[in-house]
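# Analysis of the macromolecular model
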Amino acid sequence: MGRNIREIVVGLGAAFLVFLFLSGLNPTPFLLGGGALVALYLLAGEKTRGGFALLDQAVDGPALSNVTFAEIGGQETAKRELMEALEFLRAPEEVEALGIRPLKGILLTGPPGTGKTMLAKAAANYTDSIFVAASGSEFIEVYAGVGAQRVRQLFTRARNLAKREGRRSAIIFIDELEVLGGKRGQHTSHLEYDQTLNQLLVEMDGLRREEGISLLVIGATNRPDLLDPALLRPGRFDRQVHVDLPDKEARLKILAIHTRRKPLAPDVDLEAVARATFGFSGAHLESLANEAAIIAYRRGRREIQMADLEEAIEKVMLGERLTRRPSAEELLRVAVHESGHALVSENLVPQSVAAVSVTSRGRALGLVRRVEGEERYLHTRRSFLDQIAICLAGALAEELVYGERSSGAAEDFRQAAALAREMIVHGLSELGIATEETVGRVELRRAVRDVLRQEEERTRAILAADKERLMRTARLLAEKERLEGEELRQLLASLRINHPPRIKC
Ligand code: ADP
Ligand code: MG
Ligand code: ZN
């Protein structure tokens, strides 16, 4: 379009010059004047374009996102939780009318390559928001104050872009949040980190809907344990969404997404590929699909065959130092351990398991995620003892089924001992108020041991009376790699023959 107009203008100009020439007039002044006008026009154009370039350059990636939730395979829980949290951005007036404090921050936690960045982008798309991204490491400079200034700029930029693009909201995505938001006072070299984090807290505290524009901060980290607790306080990142490594079913979905536009030979069995890629993240699977296509291309094929995919699995595993899928026996053992935690958790605190999985990487064992509810703050004797029992249940389930424990439960025991100690120093044991100062270190240690021994007995009895359900849960878990809390409860309910034992403690 622009080109056509330019051609017409040039054409008319040329015709005008020819006309002047033919009519015997001197075209020089017209040429000069016209040339000056063109130069001015070009300069002005350069200037405005230069101005925008500066603005755009400052933005990391495009200001709008075209990633949708449909392109993210698996992660159903994370997607649902995130979409629920986003409702307030889609209906800010309703939220305000009800006097609800708008959500300011959502924290995405989980291993690398599981789709956290994708989720944040999809969130922007879903809410029709401006998307502005930065990474924690970009804020860390040797010069004091630079990081804090960048944080300020990031928020201003998000607002300005939303205004310019006529959006009602902007999402600020901060990747590697632990770099910027690590615990304060831990960096010995300088105070730069602290200043930057403080500035982020100030910006988040000051967030409100202005000129009809809402701002939401989405942070991502694979080390939530490193975050300064101040970041997790209400009014800051007060919603956490966990993103786990995909289970078998989710891997199949992700593979389907990333092979959608690739020609697959009839012998390809994506289900088998999903089974063989235990421990792979979404990013690994994307790279696997790409590698398979490259291998097929090198072999002069027009379709990707199963052999290409198999070779690609090996290649990705080698490149990423991924461990081979555990054998069926190993996997069942992990499943028994995790099912032990989950079963005792449901027995003692119904509805307490959010999910149980055997796919957690970077740990010897799997993971039971518990619903974080009120009971976290209710430090009763009972809740302490239940937590301890749940901690011990993994190793005790292994002991019950295999006759011996494995080495993988050291962290569980450490946690159980820490809980017992906390309970005792809170004055919730028979010793009454018992701290190291009042009863002495030896006495305290003995008390911890007594609590652990007593809970060990109780947990052992619960598991022994429920071995059937333990095994059935473990087998299903080993097969599916992950069970949502609801799935687990349905299974347990369907297998309930008699009531679980009530053991006094
Ligand atoms: P993270 O931010 O958690 O490290 P990303 O969102 O950056 O992960 O994902 C990196 C790439 O891996 C994506 O661009 C995508 O190709 C692929 N990927 C990761 N998770 C998924 C998923 N759940 N579904 C589809 N693709 C995924
Ligand atoms: Mg990322
Ligand atoms: Zn455990």
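Located above this text is the structure these notes cover.
Presented here is a report on the structure given in the accompanying data block.

### Thoughts on the overall build of the protein chain
Helix and strand counts for the protein chain come out as 19 helices and eight strands. Relative to its 505 residues, the protein chain shows a buried fraction of 43%. For the protein chain, the exposed area adds up to about 26900 Å²; of that, 56% sits on carbon and sulfur atoms.

### Here we look at the site of ligand 1
Contacts to ligand 1 come from 15 residues, most closely from Gly 73, Gly 113, Lys 116, Thr 117 and His 258. Note that an oxygen atom of ligand 1 is positioned 2.7 Å from one of the backbone N or O atoms of Gly 113. At a separation of 3.0 Å, an oxygen atom of ligand 1 approaches a polar backbone atom of Met 118. Protein contact buries 80% of the 560 Å² of open area that ligand 1 shows by itself. Elements with a contribution of two residues or more to the shell around ligand 1: helix 5 (116-126), helix 9 (248-258) and helix 11 (282-298). For the shell around ligand 1, the residue count by class is five nonpolar, seven polar and three charged. A domain split of the shell around ligand 1 shows at least three residues from each of domain 2 (62-242) and domain 3 (248-318).

### Topic: the pattern of salt bridges
Where charged atoms from two side chains of opposite charge approach closely, those side chains can pair. Across all of its chains, the model carries 35 salt bridges by this definition. In this structure, the salt-bridge partner of Glu 479 is Lys 248, at a minimum N-O distance of 3.2 Å. Of the two residues, Glu 479 sits in helix 18 (residues 467-480) while Lys 248 sits in helix 9, which places them 231 residues apart along the sequence. Judged by its relative accessible area of 47%, Glu 479 is partly exposed.

### Quick look at the nonpolar core
Nonpolar side chains tend toward joint burial in soluble globular proteins. If you look at the biggest cluster of nonpolar residues, it comprises 44 residues, and the most contacted ones within it are Val 344, Leu 348, Val 358, Ile 388, Ile 424, Val 451 and Leu 463. Elements with a minimum of two residues in this core: helix 13 (328-348), strand 6 (353-357), helix 14 (381-402), helix 15 (410-425), helix 17 (441-465), helix 18 and helix 19 (485-494). Tallying contributions element by element places helix 14 first for this core, with 10 residues. Residues in contact with Leu 348, not counting those within four places in the same chain, are Asp 386, Ala 389, Ile 390, Arg 458 and Ile 462.

### Quick look at the packing of aromatic side chains
Enumeration according to the criterion identifies two aromatic pairs in this entry. For the ring pair Phe 69 and Tyr 126, a centre distance of 5.5 Å and an interplane angle of 75 degrees mean the geometry is edge-to-face. Taken together, the residues Phe 69 in the loop between helix 2 (28-58) and helix 3 (76-90) and Tyr 126 in helix 5 connect sequence positions 57 residues apart. Tyr 126 gets classed as partly exposed once you look at its relative accessible area, which sits at 22%. A ring pair is formed by Phe 131 and Phe 173, whose centres lie 6.0 Å apart and whose planes are at 25 degrees; its orientation type is stacked. Remark: Phe 173 occurs in strand 3 (residues 169-175) and Phe 131 occurs in strand 2 (residues 130-135); sequence separation between them is 42 residues.

### What about the sheet that holds strand 2?
Strand order in the open sheet formed by five strands is 2-3-4-1-5, and the pairing between neighbours is parallel. Looking along the sheet, the strands with just one partner apiece sit at the ends: strand 2 and strand 5 (237-242). For this sheet, the mean inter-axis angle between neighbouring strands, taken without regard to orientation, is 20 degrees. Together, strand 1 (105-109), strand 3, strand 4 (214-221) and strand 5 form the strand contacts of helix 3, whose direction differs from that of strand 5 by roughly 150 degrees. Against the sheet, helix 6 (residues 146-165) engages strand 2, strand 3 and strand 4, with an angle of about 160 degrees to strand 2.

### Considering the packing of helix 13 against helix 18
Their axes nearest at 8 Å, the elements helix 13 and helix 18 cross at an angle of 125 degrees. Between helix 13 and helix 18, the crossing angle belongs to the class labelled oblique. With respect to the hand of their crossing, helix 13 and helix 18 are arranged in right-handed fashion. In this structure, helix 13 uses Leu 331, Leu 332, Ala 335, Val 336, Glu 338, Ser 339, Gly 340, Leu 343 and Asn 347 to contact helix 18, whose residues at the interface are Arg 469, Leu 470, Met 471, Thr 473, Ala 474, Arg 475, Leu 477 and Ala 478. Split into classes, the residues belonging to the contact of helix 13 with helix 18 amount to 10 nonpolar, four polar and three charged.

### Observations concerning the pairing of strand 6
Extensive coverage of strand 6 is indicated by the burial of four of its five residues. Looking at chain direction, strand 6 and strand 8 (residues 482-484) are connected through three bridges and run antiparallel. Across the sheet, the residue bridging to Val 356 is Leu 483, located in strand 8.

### A short note on unusual backbone geometry
Although it is not a glycine, Asp 128 sits at a positive phi angle of roughly 55 degrees. Considering the arrangement of structural elements, one finds Asp 128 in the loop between helix 5 and strand 2. Residue Asp 128 is classed as partly exposed on the basis of its relative accessible area, which comes to 47%.

### Some points on the pairing of strand 4
Taking burial as the measure, the eight residues of strand 4 include eight buried ones, the bulk of the element. Relative to strand 4, strand 1 runs parallel, the two sharing five bridges. Each bridged residue has a counterpart across the sheet, and for Thr 109 the counterpart in strand 4 is Thr 221.

### Some words on the packing of helix 18 against helix 19
Contact geometry for helix 18 and helix 19: axes closest at 10 Å, N-to-C directions at 145 degrees. As helix 18 runs across helix 19, the sense of the crossing is right-handed. From helix 18, Arg 469, Arg 472, Thr 473, Leu 476 and Lys 480 reach across to helix 19, where they touch Glu 487, Leu 488, Leu 491, Leu 492 and Ala 493. Its residues assigned to classes, the contact of helix 18 with helix 19 shows five nonpolar, one polar and four charged.

So, how was this worked out
- Residues numbered from 1 in each chain as written.
- Chains lettered and ligands numbered in written order.
- Predicted model: local features only at pLDDT ≥ 70, side-chain atom pairs only at ≥ 80, totals over all residues.
- Heavy atoms only, no water.
- Helix = DSSP H or I, 4+ residues; strand = E, 2+ residues; numbered from the N terminus.
- Buried < 20%, exposed > 50% of the residue type's maximum accessible area, 1.4 Å probe, protein only.
- Areas by Shrake-Rupley, 256 points an atom, 1.4 Å probe, with all protein chains shown as cover.
- Near = heavy atom within 4 Å.
- Polar contact = N/O pair within 3.5 Å; in protein donor to acceptor, adjacent residues only side chain to side chain.
- Nonpolar A, V, L, I, M, F, W, Y, C, P; charged D, E, K, R; others polar.
- Domains from an automatic or database assignment.
- Salt bridge = Lys/Arg side-chain N within 4 Å of Asp/Glu carboxyl O.
- Core = buried A, V, L, I, M, F, W, Y, C linked by side-chain atoms within 4.5 Å.
- Contact = heavy atoms within 4.5 Å.
- Phe/Tyr/Trp six-rings, centres within 6.5 Å; stacked < 30°, edge-to-face > 60°.
- Pairing = 2+ DSSP bridges.
- Axes fitted to C-alpha atoms, helices over the stretch in contact; angles between N-to-C directions.
- Parallel < 35°, antiparallel > 145°, perpendicular 65-115°, else oblique.
- Left-handed = near helix turned anticlockwise from the far one by under 90°.

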